[in-house]
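# Architecture at a glance
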Amino acid sequence: MAGELWPSTEESYGGRTMEEGRGKTDRVVNHVVYEGSEEESERQEQQQSSKPYVLEDHHFTIETETQRGRVRLLPKFTERSKLLRGIENYRLAILETEPQTFVVPNHWDADGIFFVTRGEGSITLVHQDRRESFNLRCGDILRIPAGTTVYLINKSNNEKLVIMTLLQPVSIPGHFEAFFGPGGENPESYFSAFSSSLLEAALNTKRDKIQRLFGQREGIIIKASEEQIKAMTHHEVGGGICPFGGESKHTCNLFSKHPSQSNQYGQLYQVDPDECRDLRELNLAIGFANFTGGSMTAPYYNSRATKIAVVTNGEGHFEMACPHLSSLEFGGSSSSRGSHPQQRRSSGPSYQKVSGRLSRGVVFIIPPGHPVVTVASKNQNLQIVCFDVNALNNEKFPLAGRRNIINQLSPDAKELAFNAPAREVDEVFKNQEDEFFFEGPRQQHEREH
Amino acid sequence: MAGELWPSTEESYGGRTMEEGRGKTDRVVNHVVYEGSEEESERQEQQQSSKPYVLEDHHFTIETETQRGRVRLLPKFTERSKLLRGIENYRLAILETEPQTFVVPNHWDADGIFFVTRGEGSITLVHQDRRESFNLRCGDILRIPAGTTVYLINKSNNEKLVIMTLLQPVSIPGHFEAFFGPGGENPESYFSAFSSSLLEAALNTKRDKIQRLFGQREGIIIKASEEQIKAMTHHEVGGGICPFGGESKHTCNLFSKHPSQSNQYGQLYQVDPDECRDLRELNLAIGFANFTGGSMTAPYYNSRATKIAVVTNGEGHFEMACPHLSSLEFGGSSSSRGSHPQQRRSSGPSYQKVSGRLSRGVVFIIPPGHPVVTVASKNQNLQIVCFDVNALNNEKFPLAGRRNIINQLSPDAKELAFNAPAREVDEVFKNQEDEFFFEGPRQQHEREH
Amino acid sequence: MAGELWPSTEESYGGRTMEEGRGKTDRVVNHVVYEGSEEESERQEQQQSSKPYVLEDHHFTIETETQRGRVRLLPKFTERSKLLRGIENYRLAILETEPQTFVVPNHWDADGIFFVTRGEGSITLVHQDRRESFNLRCGDILRIPAGTTVYLINKSNNEKLVIMTLLQPVSIPGHFEAFFGPGGENPESYFSAFSSSLLEAALNTKRDKIQRLFGQREGIIIKASEEQIKAMTHHEVGGGICPFGGESKHTCNLFSKHPSQSNQYGQLYQVDPDECRDLRELNLAIGFANFTGGSMTAPYYNSRATKIAVVTNGEGHFEMACPHLSSLEFGGSSSSRGSHPQQRRSSGPSYQKVSGRLSRGVVFIIPPGHPVVTVASKNQNLQIVCFDVNALNNEKFPLAGRRNIINQLSPDAKELAFNAPAREVDEVFKNQEDEFFFEGPRQQHEREH
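Under the annotation held in an unreviewed UniProt entry, chain A carries the name Cupin type-1 domain-containing protein and is attributed to Camellia sinensis.

Here you go:
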């Protein structure tokens, strides 16, 4: 597992232009494909049913993109649906840089959690009196406090560096910006917003000299020579400044402990907020699930956390039960619930099936309380990175397999709850002996109505 | 006081159909009734003046209702008024179950505080590896963490179990849903949202057997036999699992300590967040006021807490002074305050009288800082259950009676504040020797213009 | 520095009527004045560019104004712009009272931080069983918890008492009101909202007597005799009640420690939340900057805090770089960023110059992450009071002068970041040897295009 969460494949987004990206997106079908003559209308139905919980490549904005790399950012979640208000103040960005590149120094008005999903690099945090540098390798988790100027190096000769970042704005809920100091026209420098006379006085330097310095930039992600990369590494260590090292007390690594779930069908790695200070301060957990081809998770739900899941490899699909969609957004029979008092729900809430096809780059959201199942396609492993927002005291409740909560009901409660002998309940809920990861359905879901 | 907060009366809502409920509601008049010819127009004025702080039976939605019981839920407070934004993320639900019934297991995407106002029962919280059961009796306070599957039993042979619940959604501000696992069509089960092939694989069981199990439900609140109730109790204790008991460290009871106020006119019981861990985590206090017929409270205000008060018995009325109504909602002369700068308030804020008639089932809201008086009608005791939101460090400031804050002004401050000799101030503010609960007005308020 | 932060000058607002105030406001020009024929259009451009970060005298509402003093309140910041949502729940009020006056007791549904910027007085907090009094002198910082009834005395014979208050509403986000008990028509008393019969019963006093007492008020800020002021002081001490005193453990003073920055060009005094319990609970810092005429600050930014700055004396201007204005409000080329996915920013964010002229009474807002420079006009000292919201763990990052963060980049990082030899970077960023306060530009900014 010390490999890569975002492996290089023929389909890699790395060198593609935006147009190619769009082309590919069109081919990705965001729902379960049904067979038969009613396929098309059902496809539309299903497409709707995946909203607003599934986001694809074309939902991202391209913040920057050159031959050297790119930064993609998901829009504010509440622009998709008010159902996502609970995570309004979180934004997901994905940085991909080519080998031997340098990301120029910048800061944001947001706290950020970096999670390295591929490659190896280094990051430097610039403080008033010193700088701190950290080696980055796959699985590293690092918090960048709001306002801290950072720069990044992909120091590999042949591999991309990919970092997923969850950002929490500190000023305007759901909005943040990057602030570049060194720069000029590309990227624009914030120094350029000041009058020349002020800069001249502040820097005690003639304006010509200043203008010369700020006119020379060539983009946000740029080529660094092997010598420069070595020198930067050497400097850090040689200078007695905080040395590189994944062992630093500030860095957690997802793979430094055993998986919390592991069997022949899959493994789940997770770092909880109480295990890592950087995560605790933002009330986040980070996880990585690796499914063997053809396997699935138990149906389960999280008690408090909202999961933002990003598929990094493979294909599959998920199904989720959602009572809010009908009651809040699509005007179902219980839409009156909030607004027209003294109305009556005959028999409690109704659960809409949310489903979506998963493939590399798809983002899907699992709100707390919502039962969900994820299934890997047979042909290859399915790999998913998860950011769990509001993770403190979160519990994961499995609904099937060993240790499922139905088995914890007392016999008489089972009898009353199911209106059936407890023995019949057990015959259904005690057959599955695996835990969390199971052998998947024999016919893949696409076959079935 | 170990009796019931929600006693059985002829007017009990329990066995009534919704139509009867509506009929009754029409007869409840939500304001002070004036005598004389101008009565009607004044009634309308008053009706408006109770908005948005008074909610009645007809404002609730019926979440479920059968012969066995019902669940009623107040809409999001901000659907009534933006003045209630401070409690937007709190929802009040009232559960009433008939004797010897079972509420089927379910969880919510909300934290809940249960407060038992009548009857006796038991509740079981289902965890991954165990279950926890608690006896419930009048006055018990219990926190149900978001996502925890629970089931409830009314184990009495002849008495209703009534539980008031304040819910704090964890995902969508102000919105939550119930999630039922065991079920089928009534209640719908969240398992039904999943494809058969997925369930088949997850449960390692043929779909026919699964479908049979999930097709047999008969509602959310169902009849339990005496044997089943005994067995469930016996199981819990006999199984060595966390035994029943109000003595459990997790349960606080409102009546386990002396009332904070008590005299011949009334008693006030209250549990503050620093006295009960379950309340502290949600920053809530719970109180119960019992007024002797014809008595009243001091005018007083809470410093930080917003009070959500539910009348459980008796009749009366309240009056409250509110400066926000005129400035924010009803376009009074100072409505310019927020939006048209450089305008002038000649002499500070203006206080609108908010008043409302209180009877069983009426809910009224007292925001922090707002002076309020509650008066019991002469014929019977008035009883009120209170949830205080934002209760940490709240102080209650009485404006009359022993220990009122006017008496704490220095003599010269009294003189300056009232533009009158301090002696005259004392002659008004030192006459009432009782504390908090007073003898009420001799003519009831209805008589007076 | 133990002097006054809001000194008396010919231009003092103190004795002026509101009309004079308006007149003055018209003459204050809220932007940089350009010379030449294009002046007017550029002026308009600049005026727009200062929005929404600059507020002037005419933006305040007059809450009360008499010969004895006045209270001014800034509207909710979000009424200006959604860019200010991060400080929506903070309101700035300024109280000015003439010598020997008394502010009648009142409370608010908001937490308040008082900061004394001129004069000397005393304040009394009224609790249920006691009262607490504090001497107030320039620089004192005092938290008034929500709901606490307070009264104030300006005990000087010849000097105004000026208090700036940052209020944090506890009930309705961004809104609060004052509640006056003693009063009648001016100010209206909250007692007046209650029915006479209720007051009669509550106070156990005939209504005539009550009405007499409440009919005698003469305003919110009133004249107190020298004897009354002495008596109130004497009473407090003589009565054994919590004695007056700036030494009280509850009061912090901004000038009790050394300035955090100090040289010939200026001094910065600051109390951080971890230095003062009253500030910690509201997550605020308070600062005071004194610029020598003609000096300036380094360009710098705060990492987490939003600064609400009030000019108390002198003149000058500021410049700030803001990437949000173009992307969020004024529909610039990157406005698509939030709402139209799969669009592309060619070269990162764009920074709009925000600038504004500073003079006594102007309020300006500096969001976190935003680089800013403040410059004092040559003729006199410029003095600014700052409330920093969200100040816990805030860091101030200077971009010029000794200890600027550019100097902390490693040589190779400088080379890559600026695409220039590290030596050339150092020639620009190591010339300024002063720290934070610098000699200002030789030609004042107005001269320059």
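Let's pick the thread back up.
Let us look at the overall build of chain A. In terms of regular secondary structure, chain A is built from 10 helices and 27 strands. For chain A, with 449 residues in total, the buried portion stands at 58%. Contacts in chain A between residues at least 24 apart in sequence constitute 77% of all its contacts with a sequence separation of at least 6.

Before going further, it helps to examine the sheet that holds strand E25 (residues 382-389) of chain A. Residues and elements named next belong to chain A. Read from one edge of the open sheet, 7 strands run E1-E23-E20-E25-E17-E16-E15, paired in antiparallel fashion. Each having just a single partner strand, strand E1 (54-55) and strand E15 (261-263) make up the two edges of the open sheet. Examined bridge by bridge, strand E20 (residues 306-313) and strand E23 (residues 363-366) share 4 bridges and lie antiparallel to one another. Following the sheet pairing, Ala 309 is matched in E23 by Phe 364.

Further remarks concern unusual backbone geometry. Phi angles above zero are rare outside glycine, and Arg 403 of chain A is one such case at about 70 degrees. Turning to its location among the elements, Arg 403 of chain A is positioned in the loop between strand E26 (396-398) and helix H9 (411-418). Even without a glycine there, the phi angle at Gln 100 of chain C is positive, about 55 degrees. Checked against the element boundaries, Gln 100 of chain C lands in the loop between strand E4 (91-97) and strand E5 (101-108).

Turning to the sheet that holds strand E11 (residues 161-169) of chain B, a few remarks are in order. Residue and element names in this part refer to chain B. The strand order across the open sheet built from 7 strands is E2-E3-E4-E11-E6-E9-E14, with neighbouring strands paired in antiparallel fashion. Strands with a single pairing partner mark the edges of an open sheet, and in this sheet they are strand E2 (61-66) and strand E14 (252-253). Bridging between E2 and strand E3 (residues 69-73) involves 5 bridges; their strand directions are antiparallel. Pairing of Thr 64 across the sheet is with Val 71, part of E3.

Turning next to the domain arrangement of chain A. All names here are of chain A. Here chain A is described as being made up of domain 1 (60-182 + 217-238) and domain 2 (257-337 + 350-396). A separation of 25 Å is found between the C-alpha centroids of domain 1 and domain 2. Across the boundary between the two partners, domain 1 contributes 18 residues, which contact 20 residues of domain 2. Elements with a contribution of two residues or more to the side of domain 1 that touches domain 2: strand E6 (110-118), strand E9 (140-144) and strand E11 (161-169). It is E6 that provides the largest number of residues to the side of domain 1 that touches domain 2, a total of 4 residues. Taken together, the residues of the side of domain 1 that touches domain 2 break down into 12 nonpolar, 4 polar and 2 charged.

Moving on, we come to the relation of the copies chain C and chain A. Once turned by 120 degrees and shifted 0.1 Å along the axis, chain C lies on chain A with an RMSD of 0.0 Å. Taken together, the turn and the small shift mark the pair as related by a three-fold rotation axis. Considering only C-alpha atoms, the part of chain C nearest the rotation axis is Pro 173 of chain C, at 8.6 Å.

With that settled, the discussion passes to the interface of chain C and chain A. Contacts between chain C and chain A engage 71 residues on the former and 75 residues on the latter. In terms of residue count, the dominant contributor to the side of chain C that touches chain A is helix H9 (residues 411-418) of chain C (6 residues).

A word on the UniProt feature "domain: Cupin type-1" (unreviewed entry) in chain A. The UniProt record marks residues 58-211 and 252-426 of chain A with the feature "domain: Cupin type-1" (unreviewed entry), using the residue numbering of this structure. Between the end C-alpha atoms of residues 58-211 of chain A the distance is 38 Å, and the span holds 8% helix and 47% strand.

Conventions used here
- Residues numbered from 1 in each chain as written.
- Chains lettered and ligands numbered in written order.
- Predicted model: local features only at pLDDT ≥ 70, side-chain atom pairs only at ≥ 80, totals over all residues.
- Helix = DSSP H or I, 4+ residues; strand = E, 2+ residues; numbered from the N terminus.
- Buried ≥ 20, exposed ≤ 12 C-beta atoms within 10 Å, placed from the backbone.
- Contact = placed C-beta atoms within 7 Å.
- Pairing = 2+ DSSP bridges.
- Domains from an automatic or database assignment.
- Nonpolar A, V, L, I, M, F, W, Y, C, P; charged D, E, K, R; others polar.
- Least-squares fit on C-alpha atoms with pLDDT ≥ 70 in both.
- UniProt positions renumbered as here; feature names shortened; annotations may be inferred.

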